[in-house]
Structures are given as C-alpha cells and as structure tokens.
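# Structural characterization, general
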Amino acid sequence: MNMSQMPSSFEQFHPTASYITSPELRDVVNVAVALKKPLLVRGEPGTGKTQLAHTVAEALGAELFHWHIKSTTKAQEGLYVYDTVQRLNDSRFGGADVGDIAQYIKLGAVGKSFTSPARSVLLIDEIDKADMEFPNDLLHELDRMSFEVAETQELIQARHRPVVIITSNAEKELPDAFLRRCIFHYIDFPAPEMMAQIVAVHHPDIDKQLARMCMQRFYALRNNPAVRKKPSTSELVDWIGALVAAGISAQTLSREIPFLGVLLKREEDLGQY
Amino acid sequence: MFISFFYYLRARGLPVSTTEFLTLLDALQAGLARESLGHFYRVGRSILVKRPEHYDIWDQAFAEYFKDAEVDPALLESFEDAFFGGLHDELLKWLQDPKHAPQLSPEELARLKNLGLDALREEFEKRLREQDARHDGGSHWIGTGGTSPFGHGGAPSPGVRVGGAGGNRSALQVASERRFQNLRKDLTLDVRDIGMALRRLRQLTRDGAQPILDLDQTIDKTAQNAGDIELVFRPPRENNVKLLLLCDVGGSMDPYSRLTSRLFSAAHQASHFKSFKSYYFHNCFYETLYNDMERRDGESTEQVFRNLDASWRCIVVGDAAMAPSELTQRGGSVDYWHFNERPGLEYLKLLRETIPRTVWLNPDQPQWWGSWTTQAIGELFAMHPFTMQGLEDAVDALRRRA
C-alpha cells in the first residue's frame with residue numbers, strides 16, 4: 001500500500017511497538033476517526049479490545065477517558081451526576097454556597113471528553129454489561145455530541161468531537177438503531193503468525209525454541225474441543241511470562257505443561273490434564 | 001453507481017440500512033477506500049456489517065458481486081499451466097475425498113447431494129472439457145463463488161492455490177475463504193427480540209423487607225421540616241410475575257428447535273420473573289412433564305400443577321398438529337410404549353383450569369392451522385403465531401389481570 005497516495009486525514013492511527021494490529025483493524029480505526037463515528041469492537045475476551053483504545057489514544061496523542069460499564073450503570077452517569085446528597089449535607093451543616101447548583105454537577109466520562117480542550121478518546125468499555133436499554137439512551141448524545149444539564153439548563157457541547165471506542169463481549173445483543181450508527185469490527189482470534197509477533201513484542205528476549213514450543217502447546221489446547229473455556233491471547237502472554245520467570249526450558253515443556261492454571265480456568269478443563 | 005450492490009446485499013439477507021449505505025458513500029467520497037478492492041472489502045464490511053454472524057453473508061455476497069471484477073490475466077495463464085500439469089488429477093482426488101465437504105454451505109451441500117457423486121463427476125468432467133476448448137471463457141472458473149455446483153470448494157480452491165504463488169491475496173480470495181462461516185446464524189427472532197418482548201411481562205408490586213431510601217420523599221420531608229433531615233424509606237418494587245413455559249419438542253417441531261431454544265434462553269436470561277419453570281413434552285403432555293429435551297428425566301404433571309395456581313402465567317410452544325387420537329383417546333400417546341390413562345385433552349383442560357392465563361405460541365404459519373387438533377386446542381387457549389407480532393400479542397394477553 002502506497003502511503004503517499006493516502007489523503008492526509010486518513011492513516012492517523014499507526015500501531016505502537018507494544019500493540020500488534022491486523023491491517024483490517026488499522027483500516028477500521030482510520031475509517032472511524034475519519035467519518036467521526038463511534039467504533040464498536042467485539043471479540044473474545046483477551047483479544048485486546050480495551051488495549052486498542054489505549055493504543056489509539058497514545059497514537060493520536062490524546063487523553064483517554066475510560067468509562068467502565070457495570071450492570072448497574074445508567075447512561076446518565078456517563079454524562080453527569082447531580083450530587084444531591086452533598087448539597088443536602090451542605091445545606092444542613094453549612095459549607096459551600098448551596099444556591100450555586102453548578103458546583104454539585106459532576107461530569108462523567110462522556111461529559112469530561114466533551115469538555116476536554118483537545119481531541120480526546122472516549123472508551124465505553126463492556127457496553128453489553130449494562131441494561132438492554134442503555135445503548136439507546138446514549139444514541140442522541142453520541143449523535144449530536146451534546147447534552148443539556150437539566151438542573152442548570154447548561155448545554156454541554158463537544159468542543160472537539162472525541163474518538164469514541166466501544167467494546168462488547170456480546171453477552172447481550174445490542175439494539176439495531178445503535179449498531180447502525182457505529183463502525184463495527186470483530187477481532188478474530190489471531191492466527192499463529194500474528195500470535196508469534198504478539199509474543200515477540202511482549203517477550204522480546206525469549207528463547208526461540210521455547211516460544212515455538214509454547215505456541216504449539218497453546219494452539220493444541222485451544223483446538224482441543226474438550227476444553228470448554230479456550231485460553232486467550234493475554235493468558236498466553238502471562239503464561240510465557242511465568243515460564244520465563246521460572247526459567248523453564250523447552251525440554252521441560254515438551255514433557256509437561258507447568259502453570260496450567262494460568263491457561264485453563266475451569267475445573268473440568270484442568271481435570272483433563 | 002453502487003446502488004445495485006446495496007440491493008444485492010439486502011437480497012442476500014444482510015440488513016443494510018440506507019443510512020449505513022450513505023455512510024459508505026461518504027467514506028468513498030472521502031477517499032477512504034480507493035486503494036484496492038481489498039481495502040474496499042474491509043472498509044465496506046466495517047460500515048455495513050454489524051454482527052460477526054453476518055460476516056459470512058458479506059463474504060459470499062462480495063465474492064459473487066465482484067467475481068468478474070478482478071481477474072488477472074497472468075493469474076489465468078498460470079492457472080491453465082498448472083491445470084494441465086497435474087492439477088486435474090488433484091481436483092478429481094478432491095472430489096473423492098469427502099472430508100472437505102463441510103467447507104460448503106448448507107445450500108451447496110444440498111445441491112451436491114441432489115446431483116449425486118457420479119453425476120457430479122460427470123458434470124465436472126464435462127466442464128473440464130469445455131474449459132479446455134475455450135480458454136478465454138476461463139475467467140469464470142476462478143471466481144465462480146457459488147454459481148457452479150462445485151461452488152467455493154470445487155473450482156476456486158485450486159484457483160486460490162495457484163494465485164497464492166503470485167504474492168498478495170486478493171479480496172476475493174479472502175472473501176471466498178469464508179472464515180466467518182461458523183459465526184453465522186440464520187436469524188428470524190433473536191434472543192434479544194424475545195427478551196425485549198418478555199420484559200414487558202411484568203407486574204410491579206411493592207413488598208419485601210429490605211427498604212431503600214426514597215430520595216424525592218426525603219427531600220420533600222426535609223424541606224417541610226425547614227432543613228432538619230428526615231429520611232424516608234420505602235420497600236423496593238418487585239416483579240411478581242410467575243411464568244411457566246411448556247415446549248413441544250421432537251417430530252414435527254424439529255424444524256423450529258432453534259426458535260424454541262431461543263425463547264428458552266431469553267426466558268432464562270430474563271431474571272425479572274419471581275418464579276420461572278420450564279418443561280418439555282412431545283405433541284401433547286400426559287402424566288409426565290420432562291425437564292430435558294430428550295424427555296428422560298420427568299416429573300409428574302399433577303405434582304407440578306399442584307404447586308401452581310392462577311397467579312401464574314403460562315406460555316405453551318407447539319405446532320398443535322397431531323393425530324386426533326393423541327388428544328381424545330386413552331392410550332393415544334404418540335410414544336407407542338406409553339399408555340396414557342387419561343386422554344390428552346383432559347390434561348390440557350387441567351392446565352386451563354390451573355392457569356387461566358395461558359397462551360399457545362404456534363410456530364407454524366396461521367394458514368396451516370386447519371388441522372382438527374389445532375382447531376380443538378385453539379378453542380381451549382388463545383393461539384398466536386410465533387413471530388415478533390404474535391409474541392407481543394401473546395404477552396399482552398398474559399398481562400391482563402386474572
């Protein structure tokens with residue numbers, strides 16, 4: 001691909017030294033940045049979905065606002081929270097000026113990324129953990145890039161449209177109206193060649209023979225249909241870390257699999273080895 | 001210019017909306033995908049396809065639509081060279097080796113089965129001869145992408161091998177690999193749709209011991225107290241709906257097993273029911289209701305019904321099509337080793353008496369509801385088709401107060 005032919009606004013995202021991406025993912029990130037649409041990333045756990053946002057922020061030199069979604073998270077909390085309890089407390093025991101409501105408005109991750117003085121990256125992590133209606137509640141804010149604080153009637157408008165990255169483990173299906181507005185990418189499990197690069201990035205000094213042996217063992221475990229919870233990339237990286245730290249040689253590895261608990265997390269799976 | 005591509009994707013079953021297509025055109029206008037077909041493949045997929053289950057449809061549609069767009073003459077020549085240099089035998093060997101068959105899509109497999117191996121070989125040989133005679137027509141051979149009975153697995157696989165030696169993989173080769181085939185689901189009603197419909201089935205009542213702080217009331221009371229804080233608590237609201245799910249499995253219900261399992265997983269995921277029970281049966285239920293689809297582990301129907309009352313709601317899923325004797329006669333059960341002392345209709349009436357708010361979801365289309373048993377059951381229970389609309393109507397019927 002000839003880089004000089006690219007429009008200058010494209011190709012803003014280059015992978016960094018510590019994060020290996022496929023050309024597909026690079027294109028998709030660049031499309032999302034250029035079209036100013038949220039990027040929805042799905043994939044098995046441990047394929048680096050959250051890491052992608054950190055890498056994009058680093059590559060763009062932008063601040064990252066991380067909004068980690070839990071089952072109880074409400075869409076409103078990402079915009080702002082009106083701290084009524086603090087105000088009640090102040091009114092009772094004195095303190096700040098209770099008449100000034102603005103000081104009890106605390107911006108959430110979305111609000112902070114909107115008011116950020118430079119372009120930022122907003123990561124909405126594990127959006128599928130929240131209630132089914134959650135994504136719909138954010139549609140308008142992500143479309144218009146603005147919201148109103150009802151209590152002060154202040155309009156908060158994005159000064160610089162943040163790059164929005166949303167991750168999902170597909171525990172719940174997302175609504176179509178939401179999907180339509182996103183750029184979507186499914187991170188496929190890395191093929192052995194790419195995995196070798198990933199391992200090399202995390203463990204640059206590893207013995208070649210050991211690395212090869214590790215990969216063999218790892219893919220054998222993954223391809224074993226009896227293993228219920230397949231080990232992921234991050235688990236492989238951790239496992240190799242453990243092997244290197246313990247000074248285990250490729251010969252030992254060919255006889256047995258040490259630290260199996262790093263790779264397999266279910267009792268039924270462990271019982272087989 | 002790409003309008004026909006848009007309609008082609010929709011015709012292939014990819015739910016592409018107009019806004020998404022306009023976004024793609026925006027991207028093209030901004031020059032985001034003008035580099036190559038491969039680039040366009042990736043950019044287009046990220047904008048138009050939002051579920052990994054649909055990646056396979058995209059791959060297929062893309063390969064079919066652009067099959068003639070990118071045939072490198074050099075590739076063709078090398079294809080022909082390789083072709084007469086022994087690949088012919090390899091292709092025949094491939095045909096004899098059935099272990100590659102799962103690479104084909106179900107439709108292709110069905111067509112292969114229709115042809116039979118001998119006919120397939122004959123056809124294959126015939127086309128080989130044609131190919132031999134007509135060199136320029138060969139472009140169709142490489143990117144056939146599903147139009148010949150050999151589909152992806154047949155002709156294109158040597159095509160990919162030959163092309164692979166040339167260097168970069170083209171978008172068509174990537175597309176015709178169909179890596180995302182396993183993620184595919186043929187969606188009619190997905191778990192989310194069903195879950196959303198079931199969510200409406202709730203009846204909120206206030207009870208329970210664990211009180212929660214009522215902030216609005218607290219602020220009101222505190223204001224009335226001139227700033228002296230008074231905390232107001234209220235009991236939490238709780239969904240009081242109890243749901244029984246009965247499901248016909250096996251026999252004529254086999255084509256719908258995916259649909260019913262989706263209803264089951266949606267109902268199990270829906271954590272908002274106060275109680276939830278589910279059982280399986282075949283055609284009609286008699287003395288026993290089963291906990292598993294294989295119908296081995298059962299519980300006595302009367303025992304189950306004794307623990308239920310009119311506060312429950314019940315959804316029965318079944319096609320209601322069976323021999324009249326299965327409903328009306330003692331010993332009419334479809335399982336020949338099983339002799340039911342009471343006819344099936346009595347058990348259905350027992351269900352109606354125990355749980356008046358029962359609806360029957362029928363996955364067959366309403367125009368097929370003519371059979372005697374379907375009519376008879378339709379008189380006992382409100383019958384709805386198992387579609388989005390039918391499910392919503394059924395939930396509405398269940399919401400009414402007893």
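Residues numbered from 1 in each chain as written. Chains lettered and ligands numbered in written order. Predicted model: local features only at pLDDT ≥ 70, side-chain atom pairs only at ≥ 80, totals over all residues.

### Overview of the confidence of the model for chain A
Scored by pLDDT, chain A comes out at a mean of 83, with 93% of its residues at no less than 70. In this model residues 1–9 of chain A is a low-confidence stretch, pLDDT under 50, and it forms 6 contacts with partners more than four residues away in sequence or in other chains. (pLDDT = per-residue confidence, 0-100. Contact = placed C-beta atoms within 7 Å.)

### Things to note about the pairing of strand β8 (residues 163–168) of chain A
Residue and element names in this part refer to chain A. Burial analysis of β8 places 6 of its 6 residues in the buried class, the great majority of the element. Burial along β8 is two-sided: the residues Val163, Ile165 and Thr167 and Val164, Ile166 and Ser168 are all buried. Where strand β1 (residues 39–43) and β8 come together, 4 bridges link them in parallel fashion. Across the sheet, the residue bridging to Arg42 is Ser168, located in β8. Pairing of strand β5 (residues 121–125) with β8, which is carried by 4 bridges, proceeds in the parallel orientation. Pairing of Leu122 across the sheet is with Val164, part of β8. (Buried ≥ 20, exposed ≤ 12 C-beta atoms within 10 Å, placed from the backbone. Helix = DSSP H or I, 4+ residues; strand = E, 2+ residues; numbered from the N terminus. Pairing = 2+ DSSP bridges.)

### Quick look at unusual backbone geometry
Residues and elements named next belong to chain A. Even without being a glycine, Gln153 presents a positive backbone phi close to 55°. Within the secondary structure, Gln153 sits in the loop between β6 (146–149) and β7 (154–157). The exposure class assigned to Gln153 is exposed, which follows from the 7 C-beta atoms found within 10 Å.

### Some points on the packing of helix α2 (residues 18–29) of chain B against helix α3 (residues 37–48) of chain B
Residue and element names in this part refer to chain B. Close contact between α2 and α3 brings their axes to 9 Å; oriented N to C, the two are set at 145°. Handedness of the α2/α3 crossing: right-handed. Here α2 contributes Glu20, Thr23, Leu24 and Ala27 to the contact with α3, which in turn contributes Val43, Gly44, Ile47 and Leu48. Residue composition of the contact of α2 with α3, grouped by class: 5 nonpolar, 2 polar and 1 charged. (Axes fitted to C-alpha atoms, helices over the stretch in contact; angles between N-to-C directions. Left-handed = near helix turned anticlockwise from the far one by under 90°. Nonpolar A, V, L, I, M, F, W, Y, C, P; charged D, E, K, R; others polar.)

### Looking at the interface of chain A and chain B
Contact with chain A, which involves 24 residues of that partner, is made by 28 residues of chain B. Residue contributions to the side of chain A that touches chain B peak at 6 residues, all from helix α1 (residues 23–35) of chain A.

### Regarding helix α2 (residues 49–60) of chain A
All names here are of chain A. In this model, α2 (12 residues) spans 17 Å end to end at C-alpha, consistent with the 16 Å of a helix rising 1.5 Å per residue. Of the positions making up α2, those classed as buried are Lys49, Leu52, Ala53, Thr55, Val56 and Ala57. Looking at the buried side of α2, the elements it contacts are α1, β1, β2 (64–68), β5, β8 and β9 (183–187). Following α2 by one or two positions, Gly61 adopts a phi angle in the positive range, close to 65°. (Expected span 1.5 Å × (residues − 1).)

### Focus: the sheet that holds β1(A)
All names here are of chain A. Pairing is parallel in the open sheet, where 5 strands are placed in the order β2-β5-β8-β1-β9. Edge positions in the open sheet fall to β2 and β9, since each of these has one partner strand only. This sheet shows a mean twist of 20° between the axes of neighbouring strands, independent of strand direction. Direction of pairing for β2 relative to β5: parallel, over a ladder of 5 bridges. Paired with His66 across the bridge in β5 is Leu123.

### Some points on the nonpolar core
Formed by 65 residues in total, the largest nonpolar core has its most connected members in Leu39(A), Val121(A), Ile165(A), Ile166(A) and Ile183(A). Sort the elements by how many residues they give to this core and α1(A) lands first, with 7 residues. Setting aside its immediate chain neighbours within four residues, Ile165(A) contacts Leu39(A), Val41(A), Leu52(A), Ala53(A), Val56(A), Val121(A) and Leu123(A). Listed in part, the 46 residues of the second largest apolar core include Val241(B), Cys247(B), Tyr286(B) and Val359(B). (Core = buried A, V, L, I, M, F, W, Y, C linked by C-beta atoms within 7 Å.)

### What about the environment of Leu327(B)?
Residues and elements named next belong to chain B. By secondary structure assignment, the location of Leu327 is in helix α15 (residues 324–328). According to the C-beta neighbour criterion, Leu327 is buried, with 21 such atoms within 10 Å. Considered as a pair, Leu327 and Cys284 are 43 residues apart in the sequence and their alpha carbons are 7.2 Å apart.

### Topic: the environment of Asp27(A)
Mapped onto the secondary structure, Asp27(A) falls in helix α1. A tally of 27 C-beta atoms within 10 Å means that Asp27(A) is categorised as buried. For Asp27(A), the contacting residues outside a window of four places in its chain are His39(B), Arg42(B) and Val43(B).

### Side note on the environment of Ile165(A)
Residue and element names in this part refer to chain A. Within the fold, Ile165 resides in strand β8. What makes Ile165 buried here is the crowd of 25 C-beta atoms within 10 Å. Spatially, the C-alpha atoms of Ile165 and His54 are 10.0 Å apart, while their sequence positions differ by 111 residues.

### Comments concerning the pairing of strand β5 (residues 242–248) of chain B
Where a strand is regular, its side chains alternate between the two sheet faces. Residue and element names in this part refer to chain B. Along β5, 6 of the 7 residues are buried, which leaves the element largely enclosed by surrounding structure. As paired elements, β5 and strand β6 (residues 275–281) share 7 bridges and run parallel to each other. Across the sheet, the residue bridging to Lys242 is Ser275, located in β6. Of the pairings in the sheet, the one linking β5 to strand β9 (residues 312–317) comprises 6 bridges and is parallel in character. Of the residues in β9, the one forming a bridge with Lys242 is Trp312.

### Looking at the packing of helix α8 (residues 192–202) of chain A against helix α9 (residues 208–223) of chain A
Residues and elements named next belong to chain A. Where α8 meets α9, the axes come as close as 11 Å, and the angle between the chain directions of the two elements is 130°. Here α8 is positioned oblique relative to α9, judged by the angle of their axes. Both α8 and α9 take part in a crossing whose hand is right-handed. Contacts from Pro192, Met195, Ala196 and Val199 of α8 reach α9 at Ala211, Met215 and Tyr219. Across the contact of α8 with α9, the residue classes tally to 7 nonpolar, no polar and no charged. (Parallel < 35°, antiparallel > 145°, perpendicular 65-115°, else oblique.)

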